[in-house]
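Now for the letters of each chain:
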Amino acid sequence: MTIAAPGSPNSGETPSPVERSPRRALRFAVIGAGMSGILSAIKLSEAGHTDFTVYEKADRVGGTWRENTYPGLACDVPSHLYSYSFALTPEWSHLFSPGPEIQAYFERVAAEHGVGDRTRFGDEVLRCDLVDGRWNLTTASGHHDVVDVVIAATGVLHHPRMPEIDGMDSFDGPAFHSARFDHSVVLDGKRVGVIGTGSTAVQITGALVERVAHLSLFQRTAQWVMPVANPAYTDDERSGFRAHPERLAEVHDQLSQAFSVFARAVVDADSPELEMIEEACRANLETVRDPELRERLRPDHRAACKRLVISPDFYEAIQHPRAELVTDGIERIEPGGIRTADGRLHELDVLIYATGFHADAFMRPMEVTGRDGVTLAEVWRERPSAYLSISIPGFPNLFMLNGPNGPVGNFSLIEVAELQLAYIFRLLDRITADGHREICARREALERFEDERLEAARRTVWVTGCRSWYLDDRGVPAVWPWSFERFREVMAEPALSDYELS
Ligand code: N01
């Protein structure tokens, strides 16, 4: 594998060790060995920050892609874009490659860079306490570490959300959340219930409908579905990429441009780009042959108000003779299945909860105590916030990748993390080169950022009238409400006046 020259467009913009030459050596802890943690380990080494440990609660790398193994799992960002810019690969099988292939990619990149050797697996960080300007970490095994800098690469969607439905414990058969898929359970020829109609449920439905005796999909809210085909790359295409690796960067950049258009659409509810997406979704719905089913599948909100579901085959799957869309509300779960409000018992052998995640947990339940004994639990009591989703006032030298209110929209979170990490490295220059010990965002900077974010959020499609995991307890979208171009600009150079150095 070739690593692009640092500073080149594909390097993630990390300056080379030669350019950097840190004057003060820092010790780092990276928490999490998912996509962002692997990235952090690789880039820290490249930048000459060799004194670090990655902490991972599980027994292998991969994060989301390790934990989600449900049938039909894929990423809704094209694989050539959902790749590290420094580890583009010609080998992707599909435009949207399946989950196991993505997990294998992360394992391979991590192995090639020796990330596993720097990782303490099976040891969850329980506490981070700021003591005399350094972070004291305590893990579940009782291990202690003292570091200058913490990078929380703990992911966004990793705490499964189970619904509260009467009788859940009474179900006779196997029941599990989509992110805890029990592969020991036989699904072939069984009556399977799936609760939810988000991206996960849609993928599971497409993958299972041919295998099961009957699939009941319990829909509380209909979703708009954007039909994007998922062609396989041919052997010739892959050979072409191998022979001309420069094409990989071109494809990556083209896809990034295309996604920027999508990103512009969702942050401006009146944009022509959004109108095009809505049109495509409406046309897709028209392909449903039974008018009664079509109306039950028709959402009462605008396309992309909820996280847009991308699927080339969901409507075909739900029209399959063995599939049934259940739109009567769930009243309770009984030993034999799900009883809906119309009194009907939907008899089931297996129940899958595709009911989403606690999207506001981030690094919690880890306990973090910053300056003056103030805890993260106190600061985030109402809801999580961080300046540019990276730095929390009062918690110096603790940085988050894909933290709260960041660009989780429909961007490649890899591109987001690469830009954020390069930005964090620029902040670290201030404490390695300028003789300071600590850096963190000023409170006023966070308040200004939050005011601006709330104002911009009013124009987005996410506030046009739907319930979604993007919305916080006030109904404000907990996401970046501007274009991706703006995110790139902001990440290009920290406004140091927004930071407190000591
Ligand atoms: O979860 P969700 P997800 N009774 O929160 C329903 C990423 N992802 O796992 O809409 C009945 O979107 C709930 O109903 P409602 C992606 O960012 C990506 O599907 O609230 N139903 C909803 O339908 C995605 O957005 C990929 O009315 C209940 C569903 O459960 C994010 O993960 C693949 C209920 C939850 O949908 C989360 O997706 C998979 C109840 N009590 C995931 N409680 C790709 O890259 C909840 N629901 C393709």
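Residues numbered from 1 in each chain as written. Predicted model: local features only at pLDDT ≥ 70, side-chain atom pairs only at ≥ 80, totals over all residues. Heavy atoms only, no water.

Quick notes on the packing of aromatic side chains
Aromatic ring pairs: the centre-centre distance and the angle between the two ring planes describe each pair.
Here is step 1 of the chain: Within this structure, the stated rule accounts for 23 aromatic pairs.
Here is step 2 of the chain: Here the aromatic rings of Trp480 and Phe487 are separated by 5.2 Å at their centres, their planes lie at 80°, and the arrangement is edge-to-face. For the pair formed by Trp480 and Phe487, the shared burial category is buried.
Here is step 3 of the chain: Geometry around Phe52 places Arg118 over its ring, the cationic atom sitting 3.9 Å from the centre. (Phe/Tyr/Trp six-rings, centres within 6.5 Å; stacked < 30°, edge-to-face > 60°. Buried < 20%, exposed > 50% of the residue type's maximum accessible area, 1.4 Å probe, protein only. Lys NZ or Arg CZ within 6 Å of the ring centre and 35° of its normal.)

Some remarks on helix α6 (residues 235-243)
Here is step 1 of the chain: Those residues of α6 that sit buried are Arg238, Gly240 and Phe241. Angularly, the buried residues of α6 cover 155° about the axis, an arc narrow enough to put them on a single face. Residues of α6 that are exposed and point more than 90 degrees away from the buried face comprise Asp235, Asp236 and Ala243.
Here is step 2 of the chain: On the buried face of α6, the contacting elements are α7 (246-266). (Helix = DSSP H or I, 4+ residues; strand = E, 2+ residues; numbered from the N terminus. Arc of directions from axis to C-beta. Contact = heavy atoms within 4.5 Å.)

What to know about the domain arrangement of the protein
Where interface size is given, it is often the accessible area lost as the parts come together that is meant.
Here is step 1 of the chain: By the assigned domains, the protein splits into domain 1 (28-73 + 103-159 + 359-501) and domain 2 (168-223 + 306-353).
Here is step 2 of the chain: When each unit is reduced to the centre of its C-alpha atoms, the spacing between domain 1 and domain 2 is 34 Å.
Here is step 3 of the chain: Contacts between the two partners involve 16 residues from domain 1, matched on the other side by 16 residues from domain 2.
Here is step 4 of the chain: Taken together, the two surfaces of domain 1 and domain 2 that pack against each other cover about 1300 Å², and 47% of this comes from carbon and sulfur.
Here is step 5 of the chain: Ranking the residues of domain 1 by area buried against domain 2 places Tyr70, Pro71 and Arg467 at the top, with a combined share of 45%. (Domains from an automatic or database assignment. Buried area = accessible area lost by both parts, 1.4 Å probe.)

Thoughts on the sheet that holds strand β4 (residues 125-131)
Here is step 1 of the chain: With mixed pairing, four strands are arranged side by side in an open sheet as β6-β5-β4-β18. The sheet is open, and its two edges are formed by β6 (144-147) and β18 (367-369), each paired on a single side. The mean inter-strand angle of the sheet, taken between neighbouring strand axes irrespective of direction, is 15°.
Here is step 2 of the chain: The sheet contact formed by β4 and strand β5 (residues 134-139) spans six bridges and is antiparallel. Pairing of Leu130 across the sheet is with Trp135, part of β5. (Pairing = 2+ DSSP bridges. Axes fitted to C-alpha atoms, helices over the stretch in contact; angles between N-to-C directions.)

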